[in-house]
Amino acid sequence: MTVRTLPWILAATLLAANSAAQAWPQDLAIESELGTPVAISKDLDGSGNDISLTQYGVGNWAGLKQWGELNGIASLQVGAYNDVAADQHGFGNWIGVYQYGLQNAAVLSQFGEHNLAGVSQLGYANRVDIFQDGAYNTAAVSQRGFNNYAEVTQLGVGSSVYVTQYGNDNVAFVNQYN
């Protein structure tokens with residue numbers, strides 16, 4: 001896998017999550033109206049639950065938690081503040097976040113094995129914090145434009161991190177512990 005393929009992987013993850021969210025009755029799809037300040041907080045427990053979140057507008061904030069196996073979160077935020085905090089516990093879970101516009105902050109944590117977290121941010125402040133506790137996890141970050149700060153911490157064996165930053169005040173920290 002090359003660094004150039006990471007944005008395409010993230011896009012495919014988000015697309016797959018959108019189509020999967022229409023197939024299972026326990027899934028949750030949320031879309032906000034343009035310009036409406038939206039704050040969303042949702043907890044899901046079980047296996048095979050997908051959350052597909054789309055926010056356009058001003059306040060854009062989401063807090064999401066999942067417990068179980070093979071759960072997924074796809075978050076698209078376009079517009080002003082664009083903050084997402086997601087927490088997953090279990091095996092084989094994934095998070096895909098795409099943020100475009102102003103603040104762009106993602107704080108993601110995953111506990112368990114074989115989890116995937118991917119974030120793509122375009123424009124302005126761009127901050128990512130990813131924490132993964134467990135073996136064989138993967139984190140991918142792609143940031144373009146302005147401040148660009150990424151910090152990834154992984155505890156456990158066999159995990160991998162990919163960080164790509166383009167333009168402006170780039171800072172990246174990667175911490176991996178066995």
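Right, let's walk through the structure included here. Everything quoted here is computed from the prediction, not taken from an experiment.

What follows concerns a nonpolar patch on the surface. A cluster of nonpolar side chains, contributed by Leu 102, Tyr 124 and Phe 146, occupies part of the molecular surface with about 290 Å² of accessible area. Residue placement: Phe 146 occurs in the loop between β11 (138–144) and β12 (149–155).

This next bit is on the environment of Val 78. Take Val 78: it is sitting in strand β5 (residues 72–79). A relative accessible area of 24% means that Val 78 is categorised as partly exposed. In this structure the C-alpha to C-alpha distance between Val 78 and Leu 122, which are 44 residues apart in sequence, comes to 9.8 Å.

Bringing the pairing of strand β9 (residues 116–122) into the picture now. β9 sits mainly inside the fold: 5 of its 7 residues count as buried. Bridge analysis of β9 against β11 gives 7 bridges, and the strand direction is parallel. Paired with Leu 122 across the strands is Arg 144, a residue of β11.

To continue, consider the pattern of salt bridges. Tallied over the full model, the rule gives 1 salt bridge. Residue Arg 127 pairs with Asp 129 through a salt bridge whose shortest N-O separation is 2.9 Å. Residue Arg 127 is classed as partly exposed on the basis of its relative accessible area, which comes to 39%.

Below, the discussion takes up unusual backbone geometry. In this structure, His 114 is a non-glycine residue whose phi angle is positive, near 60 degrees. The residue His 114 is located in the loop between β8 (105–111) and β9 in this model. Positive phi, close to 70 degrees, is recorded for Phe 146, a residue that is not glycine. Owing to a relative accessible area of 40%, Phe 146 belongs among the partly exposed residues under this scheme.

Mapped onto the fold, Glu 113 is located in the loop between β8 and β9. Separated by 46 residues in sequence, Glu 113 and Ser 159 have C-alpha atoms that sit 9.3 Å apart. Among all residues touching Glu 113, those that are not within four sequence positions of it are Gly 90, Phe 91, Gly 92, Ala 135 and Asn 137.

Here we come to the packing of aromatic side chains. On inspection of all chains with the given rule, the structure shows 3 aromatic pairs. Note on Phe 111 and Phe 131: the rings are 5.7 Å apart at their centroids and 55 degrees apart in plane angle, and the pair reads as tilted. Here Phe 111 is found in strand β8, whereas its partner Phe 131 is found in strand β10 (residues 127–133), with 20 residues between them in sequence. Note on Phe 131: relative accessible area 28%, which makes it partly exposed. Taking the centre distance of 4.9 Å and the plane angle of 0 degrees together, the rings of Tyr 124 and Phe 146 count as stacked. Remark: Phe 146 occurs in the loop between β11 and β12 and Tyr 124 occurs in the loop between β9 and β10; sequence separation between them is 22 residues. Cation over ring: Arg 144 sits above Tyr 166, and NZ or CZ is 4.0 Å from the ring centre.

The rules behind the values
Residues numbered from 1 in each chain as written. Predicted model: local features only at pLDDT ≥ 70, side-chain atom pairs only at ≥ 80, totals over all residues. Heavy atoms only, no water. Patch = residues over 30% accessible without salt bridge, like charges linked within 9 Å, V, L, I, M, F, W, Y side chains within 5 Å. Areas by Shrake-Rupley, 256 points an atom, 1.4 Å probe, with all protein chains shown as cover. Salt bridge = Lys/Arg side-chain N within 4 Å of Asp/Glu carboxyl O. Helix = DSSP H or I, 4+ residues; strand = E, 2+ residues; numbered from the N terminus. Buried < 20%, exposed > 50% of the residue type's maximum accessible area, 1.4 Å probe, protein only. Pairing = 2+ DSSP bridges. Contact = heavy atoms within 4.5 Å. Phe/Tyr/Trp six-rings, centres within 6.5 Å; stacked < 30°, edge-to-face > 60°. Lys NZ or Arg CZ within 6 Å of the ring centre and 35° of its normal.

No statement about biological role is implied by the geometric values presented.
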